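Residues per chain, in single letters:
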Amino acid sequence: MAELPRYRPLGVSIGSMPSVNFVQTGQAEARVYDKISSSLDAISDFVYKRAVAEAEIAAVKYGAEIAPSAAELEAASKSGVTFDPDLPDGFTIFDQKARKTAIDVIQTNMEIAARNEINQLTIEAKDSDMSADEFQLNLNAIIDGYSASLNQIDPVASVNLQAAIAPVANSKLTTHANAMAVKAEKQQKVDVAFIVDGIINNIPDIVAAGNKVSQEGNQAPTITTVDDILNAERNRIAALAYGVEDASFIQAKLKAFDEAVAEGKSNYINNWVRGAGEDDVTALDRLDQVLTGNVDDENIRRLTSGLSLKERQKVIDDGFAVLSEENTIAEAQDKKEEEAREEVINDIKVEIAEAVINGDQEARMIAIEKLKPLDDEEYVKQLEATNIAG
C-alpha cells in the first residue's frame, strides 16, 4: 500500500472561527417578529377603525332620516297623536350610533316644535287677553307633552329638552304677565275714572237737594248737611283711586271734584240771584244778601254759611258776572223795545202823510193822536204842523 506524502508545516496557522451568540440572535429575531406583528396589528386596527367610521357615518345618516321632523312633531302634538318612533335597539355600533343620532335629532326637532307652539300661544294669549295663570298652564302643557313623549325613548334627553325649553317659556310668561298687569292697570284706571266722573257729575244734584233730615222713632232728628255728603263722596273717590298706582291720577280727580263742588255751589246760589224779580227784589239785592250773609232763602243761607274762602270768592265773582249779564240782557231788551217803538212811529208818520195827501183832516188827527203815548215831542211837532196848515 503506497504511503501518502507528508507535508512539513510552513509556520502559518489558521485563525480561530468566531463563536455564535444564540441569545442575541434570538432577541433580534424576536424584534423582527414584533415589528411584523405590530404592523399587522396597525393594519388591522386601521381597517377596523375605518369600518367603524364608515358604519357611524351610515348610522348617523340613517338616524337623522328616521327621526320625525319638527313639523311632524308639532302636528302630532296638536292633534294628540301618540308619538312612537321605530328606533334601532340593537347593540351593534351601527344600531347604537343610529339610535343616539335619532334621539339627538328628535330632541332638537322637539325643541323647535315646542318653541313654535310657544310663540303661537303667545300671540293667541295677547290677542285674547289670556290670563297669566291660563297662559302658564298652556305653557306647561306644551313642555310636559314633548318631554313626556321623549322620556319614553330617552329620559336623559327628556331632561335636556325641558332644560332648553323652560327658560323660553318662563321668559314668555314673564313678558305676558307684565303686559297683562299693565293692561289691567289701565282698565282699572278707566273703570275708576268712569265711577269718579259719575260722582263728580252728580254734585249739582247733591247741592240742589240740600241738607237731609232723618229721624228714627222718638230720637232727635239727624241732619246730614250738603258738605257732609260731599265730603263722604270725596273720601269715596280717594278710596276708589287708591287702587290705581298713579299719584297724579288721584290728585287730578280730587282736584276736579273740588272744582266741581265750588262750581256747583256757585251755580246754585247765583241761579237764585239770577231768578230775582219776586217782590220787586233785584239781582243786586240778592247778591247783597249773599255778601252780607242776611239771606232770606233758608237753603241758600245754609249753603252760603258753609262756603270756604275759595268757594265764597267764586260765588262773588260769578255773582258779579250775573249782574253784568243781567245788565246786558236789559240793555238788549231796551234796545229791542226802542227799535220797535221807532218802527211804530215811522208807520204812523206814513199814515199822517197819506192823510195829508188825501186831504183827510180827520184821519190825520186820528193818526197824530197815536203819537202821543209814543213820542211826545213828535206829537207836538205834528200838531203844530196842523195849525200852520190850517
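Given the structure is predicted, the values throughout are model-derived calculations rather than measurements. (Residues numbered from 1 in each chain as written. Predicted model: local features only at pLDDT ≥ 70, side-chain atom pairs only at ≥ 80, totals over all residues. Heavy atoms only, no water.)

Chemist: I would appreciate a short explanation of the overall build of the chain in the present structure.
Modeler: Across its full length, the chain holds 13 helices and two strands. The 390 residues of the chain split such that 27% are buried. For the chain, the proportion of contacts with a sequence separation of at least 24, taken over those separated by at least 6, is 63%. For the chain, the exposed surface amounts to about 26200 Å²; the carbon and sulfur share of it is 54%. (Helix = DSSP H or I, 4+ residues; strand = E, 2+ residues; numbered from the N terminus. Buried < 20%, exposed > 50% of the residue type's maximum accessible area, 1.4 Å probe, protein only. Contact = heavy atoms within 4.5 Å. Areas by Shrake-Rupley, 256 points an atom, 1.4 Å probe, with all protein chains shown as cover.)

Chemist: Hey, could you run me through the pattern of salt bridges in this one?
Modeler: Note that side chains of opposite charge can pair when their charged atoms are close. This structure, assessed with the given rule, holds 13 salt bridges. D129 is paired through a salt bridge with K183; the nearest N and O atoms lie 2.5 Å apart. Remark: K183 occurs in helix α5 (residues 155-201) and D129 occurs in the loop between α3 (93-128) and α4 (132-151); sequence separation between them is 54 residues. Ionic pairing is found between E298 and R302, a salt bridge with its closest N-O pair at 2.5 Å. One end of the pair, E298, and the other, R302, are both in helix α10 (residues 298-305), four residues apart, so they sit about a helical turn from each other. Through salt bridges that share partners, D227, K265 and E311 make up one connected network. (Salt bridge = Lys/Arg side-chain N within 4 Å of Asp/Glu carboxyl O.)

Chemist: Explain the packing of α5 against helix α7 (residues 226-242) to me, please; I cannot follow it from the model alone.
Modeler: Angle between the axes and distance between the axes: these two values describe a pair of packed helices. At a closest axis distance of 10 Å, the pairing of α5 and α7 adopts a crossing angle of 175°. Relative to α7, α5 is oriented roughly antiparallel. Mapping the contact onto sequence places V192, I195, V196, I199 and I200 in α5 and E233, R236, I237, L240 and A241 in α7. Along the lines of polarity and charge, the residues of the contact of α5 with α7 split into eight nonpolar, no polar and two charged. (Axes fitted to C-alpha atoms, helices over the stretch in contact; angles between N-to-C directions. Parallel < 35°, antiparallel > 145°, perpendicular 65-115°, else oblique. Nonpolar A, V, L, I, M, F, W, Y, C, P; charged D, E, K, R; others polar.)

Chemist: Mind showing me how you'd approach the confidence of the model for the chain here?
Modeler: Low pLDDT means the predicted atomic positions in that stretch should not be read closely. Per-residue pLDDT for the chain averages 76, and the proportion of residues at 70 or more is 71%. Confidence, read as mean pLDDT per element, is least for helix α1 (residues 22-66) in the chain (57) and greatest for helix α6 (residues 203-209) (89). (pLDDT = per-residue confidence, 0-100.)

Chemist: Quick question: what am I supposed to make of α10 here?
Modeler: Two residues of an α-helix separated by three or four positions point the same way, owing to the 3.6 residues in each turn. All of the buried residues along α10 are I300, L303 and T304. For α10, the arc enclosing every buried residue in end-on projection is 95°, short of the 170-degree limit, so these residues lie on one face. Of the surrounding elements, those touching the buried residues of α10 are α6, α7, α8 (247-274) and α9 (283-292). Capping the start of α10, D297 holds a side-chain oxygen 3.0 Å from the backbone nitrogen of N299, two or three residues further along. (Arc of directions from axis to C-beta. Polar contact = N/O pair within 3.5 Å; in protein donor to acceptor, adjacent residues only side chain to side chain.)

Chemist: Can you walk me through the packing of α7 against α8 in this structure?
Modeler: Contact geometry of α7 with α8 gives a least axis separation of 9 Å together with a crossing angle of 160°. Judged on the interaxial angle alone, α8 and α7 are roughly antiparallel. Judged by the sense of rotation from one axis to the other, the crossing of α7 with α8 is right-handed. Listed contacts from α8 to D227, L230, E233, R234, I237, A238, A241 and Y242 of α7 are F249, I250, K253, L254, F257, D258, V261 and K265. Looking at the contact of α7 with α8 residue by residue, the classes come out as ten nonpolar, no polar and six charged. (Left-handed = near helix turned anticlockwise from the far one by under 90°.)

Chemist: Explain the nonpolar core here, please?
Modeler: Nonpolar side chains in soluble globular proteins generally cluster together in the buried interior. Formed by 33 residues in total, the largest nonpolar core has its most connected members in I200, I203, L230, I237, F257, I269 and V273. Beyond its immediate stretch of four places on either side in the chain, I200 contacts I237, K253, A256, F257 and A260. By size, the runner-up hydrophobic cluster in this structure holds 21 residues, among which are M110, L121, A125 and L150. (Core = buried A, V, L, I, M, F, W, Y, C linked by side-chain atoms within 4.5 Å.)

Chemist: Sorry if this is basic, but what is going on with the environment of L139 here?
Modeler: Secondary-structure assignment places L139 in helix α4. Separated by 33 residues in the primary sequence, L139 and K172 have C-alpha atoms spaced 9.1 Å apart.

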